[in-house]
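Coordinate analysis (summary)
Each chain, letter by letter, is given below.
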Amino acid sequence: MTTTAADQASVPGPGRDTSGGLPRETAPEPVDENVWLEDIYGEEQLAWVKEQNSRTEDLLEDGSYTDLEAGILEVLDSTDRIAMVGKRGGWYYNFWRDQQNPKGLWRRTTWESYCTDSPEWDVLLDVDELSRAEGEEWVFHGATFLRPVSGEPYRLALLALSPDGGDANRYREFDVEARVFVDPGQGGFDLPTAKGNVSWLDADTLLVASTADGLPKTASSYARTAVTLKRGESLAAAPRLFEVPEDHMMAMAAHDSTPGFERTFAVDYVDFFNRTNFVLRDGSWVQIDVPTDVNVSAHREWLLFRPQQDWVLDGTTHPSGSLLAANFEDYLAGSRDLTVLFTPDAHTSLQSWSWTRNFLLLNLLKDVSAEIRVLDPARPSGTESGWAATLLDACPPLHDVNAYAVDDEDEGPADGGAGDDFWLIATGFTTPTTLMRGTLERDGALEPGSAPEPDSAGTPGVVSRHGVVKSSPSFFADADYEVEQHFAVSDDGTRVPYFQVAPRGLALDGQNPTQLSGYGGFEVSRTPAYSGTVGRAWLERRTTLSDGSDGKAPHSRGGVYVVANIRGGGEYGPAWHRAALKENRHRAYEDFAAVARDLISRGVTSPRRLGCVGGSNGGLLVGNMLTRYPELFRAVSCGVPLLDMRRYTKLSAGHSWIAEYGDPDVPEQWEYIRTFSPYHLLKDAVDYPETFIWTATSDDRVGPMQARKMAARMLAMGIPNVWFHEALEGGHAGASDNRQAAALQARSQHFLWKALAG
């Protein structure tokens, strides 16, 4: 059970006035001739969308597009790809989509069967069949199991089903043995569609944070309250358990049912990066006393802390991005005896962690290449602090490898259980994904609790035995390509890493069609990953750049694919992220532009052959490339984007991102926000890159409004080669099944190729 973390926010209670009783000056809103397009489902607005869709489809959907879409769909529907599983009890569960099952199958198998080339799957729910029967376009968003009593199998689960692929889900109780939904008339849980979360308290009680049935929303459109819901009760009548102020982001409640460590938690998400954690004790909420920007997670007797900024505690400074541990009960009782488990350096950051029953796995990045350490809480490191650590030998350079527990609540290997088993998922730009499984055991050189001699040759650690379970096939000729890492220098002298995937023997003459991708926000890291879609739709496409008439031998070029690890992301931990927050947002855009210039100066490409692509916050990134650096790019593909930074807080879930970008209603903050608001940076008489803006009607996170308005303004200004497409379903991902995903990817890739390779 993991929660995340806390400082000086108020205890749960009603919303409070944060204005101090005085009216606050609000920054003026610029004239917006396209505000009418913010009505998502208006008849006139959807008519405009359909007109633009038709225009764009006429441009893009030629013979090459049809072949491209079919090739991408073949990758997405491939029955040879790895069916990833999660263990519950003695079963391994998987959700699967393919050509015959576009909406998907929720299914399970045994471990013995899973290890075969053709597992025998026990289908629990056919989502296509459910959609046909109920006349609803359901999108499966996962299952939450009730822990059974000891000795009984897992049987009841809450299934999250979205009617359109958006973030709002309907939660319905499902019996996996009977393979049916539990009838609400017989007391089965069936929660109305809304944003929120649910957790089992016991077999007859849920903890629910929801906006359904009149429960209040925060300004960010998320749940403001959590209730205790009994079978047969309505949400509206359920007693309220926890509440947060309206101007906070959202409330959450969850129960940890680990035997011997049962606890109920609540979290007040103040904003995207600040939260206060509480644990229920004797009917009252007890705050876990840490700063709000320290992430907290609980596991059995342990409490882990990851500060987002330097944390000074009892005279000791714990740097941002470090990982610390304390005994849960001791910390709540007032002890501040912390054990340092990880300290970042200039090259290494902590990305995530996962507990097995007896060990802690740390997933790190070292200059954006994976490193995994295994920590043993039962053994001190032999230094002043820390647990003995062992490096897991499973991470080749320029690859992403992640380790996480198979089932931390199972018995350990000595008792025949999988409690210390772990999954390893390894991938690289030219290395198809591999799934491995391993077991962790102490090497036996020392007894638990004893430390090695300071001059011993290495610390006795953890023995890892792991082997390959499944491997994905190659979807393109990956051996023909090589991966390199380079560093560009940004305007302030910061070295910015980026990955380049290109044909072997690449000609450095500036004539290679190059796609530059980035994100740069919310501490999200862009790491190496195999993509059959990128391989087929970009790397392997060929264009004739010379027919021999210039005296040179006829030749053609494939594509070059580049991923930039700019500030705002998490590649170097929280400090890398904070470096591009709010008034420093321009650093992310300067970093991306620096990578573009480096590609040009190295001869990889030229502005005529360079395009960029990004979605969501990455859409804001490439929107700034369009408006601030138009001279560097020939084409921009901008997906599900933020673009109107004056009104973003009033649209969909935008209010929740004030901690990232700032509050445009505050005049002082609007002064810097306006400098990275693409909708307001458009100017006449500028030679803009060719532009493709794409979104989805059902996106209830960013929403389609900003994309619509940007396209409309550019078209009204007479800017040439501006194209817009809006999928009518698919949510923030822009697609809810493989067919929609293939069409979305094909349109973006084909647009860029037509612009850059001609």
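That block above? That's the structure.
Attention here is on the structure that accompanies the text. (Residues numbered from 1 in each chain as written. Predicted model: local features only at pLDDT ≥ 70, side-chain atom pairs only at ≥ 80, totals over all residues. Heavy atoms only, no water.)

1. Focus on the overall build of the protein
- The secondary structure content of the protein amounts to 14 helices and 41 strands.
- Compactness check: the protein gives a C-alpha radius of gyration of 26 Å against a globular reference of 27 Å for 758 residues, within 12% of the reference.
- Dimensions of the protein along its principal axes, counting C-alpha atoms only, are 75 × 65 × 60 Å.
- Sorting the 758 residues of the protein into buried and exposed places 58% on the buried side.
- Sequence-distant contacts in the protein: of pairs separated by 6 or more residues, those separated by 24 or more amount to 61%.
- Summed over its atoms, the accessible surface of the protein is roughly 29500 Å², and 48% of this surface lies on carbon and sulfur atoms.
- With 68 positive and 110 negative side-chain charges, the protein shows a spacing of 3 Å between the two charge centroids. (Helix = DSSP H or I, 4+ residues; strand = E, 2+ residues; numbered from the N terminus. Rg over C-alpha atoms; globule rule 2.2 N^0.38 Å. Buried < 20%, exposed > 50% of the residue type's maximum accessible area, 1.4 Å probe, protein only. Contact = heavy atoms within 4.5 Å. Areas by Shrake-Rupley, 256 points an atom, 1.4 Å probe, with all protein chains shown as cover. Lys, Arg positive; Asp, Glu negative; His and termini not counted. Charge placed at Lys NZ, Arg CZ, Asp CG, Glu CD.)

2. Looking at the environment of Tyr 498
- Tracing the chain through its elements places Tyr 498 in strand S33 (residues 495-503).
- As a C-alpha pair, Tyr 498 and Asp 202 span 296 residues in sequence and 48 Å in three-dimensional space.
- Within the structure, the side chain of Tyr 498 is placed 2.6 Å from the side chain of Asp 598, a separation counted as a polar contact.
- Of note is the side chain of Tyr 498, whose polar atom sits 3.0 Å from the side chain of Arg 602. (Polar contact = N/O pair within 3.5 Å; in protein donor to acceptor, adjacent residues only side chain to side chain.)

3. Focus on the pairing of strand S17 (residues 284-287)
- Sheet topology note: the strand S16 (residues 275-281)/S17 ladder contains four bridges and is antiparallel. Note that in S17 the partner of Val 279 across the bridge is Val 286.
- What sits between S16 and S17 in their antiparallel hairpin is a turn of two residues, with Asp 282 showing a positive phi close to 50°. (Pairing = 2+ DSSP bridges.)

4. Some remarks on unusual backbone geometry
- A positive phi angle, near 55°, is found at Asp 213, a position not held by glycine.
- By the element assignment, Asp 213 lies in the loop between strand S11 (205-210) and strand S12 (225-230).
- Residue Asp 213 is classed as partly exposed on the basis of its relative accessible area of 42%.
- One non-glycine residue, Leu 398, lies in the positive phi region at around 60°.
- Under the relative-accessibility criterion, Leu 398 is labelled partly exposed at 21%.

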